[in-house]
Amino acid sequence: MISGNGAVAYDINKKQIIHNKFLTKEQILNIIKICDENSIYYNIYTESEVITKSLNYNTLFYYKENANKQEEKRTSINIVSDIYNYVLKSNNQNFLKVTVCDNMKIIFNSIIRKLRTIEDIDVLDVAHMSRKIIKAGTEEILVEYCYTEITNQNVNKWTALE
């Protein structure tokens, strides 16, 4: 099984990791710093949870989807007020990827340029907005936003299979 767009591959039968290219804590802290300084929404994916400050964009979608899933199949969302210090103090976190979201393309593109200055990471090129539909009773709410994923350098599903 491949997770985090290729950041980790598991042997399900042996229940062990057979490949990983996790983001380092230093990389994660650099990403957080840029996002926080520029007031842009982000969340961090680990092997066990999604770390976020609030339920917006993709985490809001996961939260709403969780209501229709069995407990063991739900996405674990950990809402943390100070993600920087949470990560700084964490032990044994395997960071798969970071997602960055904003509904203003000009702001989003400016932050992407800043994130690309961090060494040894890849910032996914996304030429379109993400669109998700959240069902609230009989109403459907369209959520649109610019979105990218940040992984360790050269992480993808193909290299995880090699």
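Before going into details, it helps to say that this report is about the structure given with it. As the structure is a computational prediction, the values presented were derived from the model and not from experiment.

Take the overall build of the protein chain next. Summing up its helical and strand segments, the protein chain has five helices and ten strands in all. For the protein chain, the proportion of its 162 residues judged to be buried stands at 40%. Within the protein chain, residue pairs in contact and separated by at least 24 positions form 66% of the contacts whose partners lie at least 6 positions apart. Here the protein chain displays about 9,700 Å² of accessible surface, and carbon together with sulfur accounts for 47% of that area.

Another aspect to go through is helix α1 (residues 25–37). Owing to its 3.6 residues per turn, the α-helix aligns residues three or four sequence positions apart on the same side. Taking 1.5 Å of rise per residue, the 13 residues of α1 would be expected to cover 18 Å, and the 18 Å separating its terminal C-alpha atoms lies within 8% of that figure. Every buried residue of α1 is accounted for by Gln27, Ile28, Leu29, Ile31, Ile32, Ile34 and Cys35. Where the residues of α1 are buried, they touch β4 (41–46), α3 (83–89), β7 (95–102), α4 (105–115), β8 (121–123) and β10 (139–152).

Two side chains bearing opposite charge may form a pair once their charged atoms approach each other closely. Taken as a whole and judged by the stated rule, the model has four salt bridges. A salt bridge links Lys53 to Asp36, with the shortest nitrogen-to-oxygen separation between them at 3.0 Å. On the criterion of sequence distance, the pair formed by Lys53 in the loop between β5 (50–52) and α2 (57–66) and Asp36 in helix α1 is long-range, its members being 17 residues apart. Residue class for Asp36 comes out partly exposed when judged on its relative accessible area of 31%. A salt bridge links Arg131 to Glu144; the nearest nitrogen and oxygen atoms lie 2.5 Å apart. Separated by 13 residues along the polypeptide, Arg131 in strand β9 (residues 129–136) and Glu144 in strand β10 bring together distant segments of the chain. Assessed through its relative accessible area of 55%, Arg131 is described here as exposed. For Glu144, a relative accessible area of 33% translates into the label partly exposed.

Contact pair α1 / α4: the axes reach a minimum separation of 10 Å and the direction vectors enclose 150 degrees. In terms of orientation, α1 lies roughly antiparallel with respect to α4. The crossing of α1 and α4 is right-handed. Contact with α1, carried on its side by Ile31, Ile34 and Cys35, involves Ile111, Lys114 and Leu115 of α4 and no other residues of that element. A breakdown of the residues in the contact of α1 with α4 according to their chemical character gives five nonpolar, no polar and one charged.

Thresholds, definitions, all that
Residues numbered from 1 in each chain as written. Predicted model: local features only at pLDDT ≥ 70, side-chain atom pairs only at ≥ 80, totals over all residues. Heavy atoms only, no water. Helix = DSSP H or I, 4+ residues; strand = E, 2+ residues; numbered from the N terminus. Buried < 20%, exposed > 50% of the residue type's maximum accessible area, 1.4 Å probe, protein only. Contact = heavy atoms within 4.5 Å. Areas by Shrake-Rupley, 256 points an atom, 1.4 Å probe, with all protein chains shown as cover. Expected span 1.5 Å × (residues − 1). Salt bridge = Lys/Arg side-chain N within 4 Å of Asp/Glu carboxyl O. Axes fitted to C-alpha atoms, helices over the stretch in contact; angles between N-to-C directions. Parallel < 35°, antiparallel > 145°, perpendicular 65-115°, else oblique. Left-handed = near helix turned anticlockwise from the far one by under 90°. Nonpolar A, V, L, I, M, F, W, Y, C, P; charged D, E, K, R; others polar.

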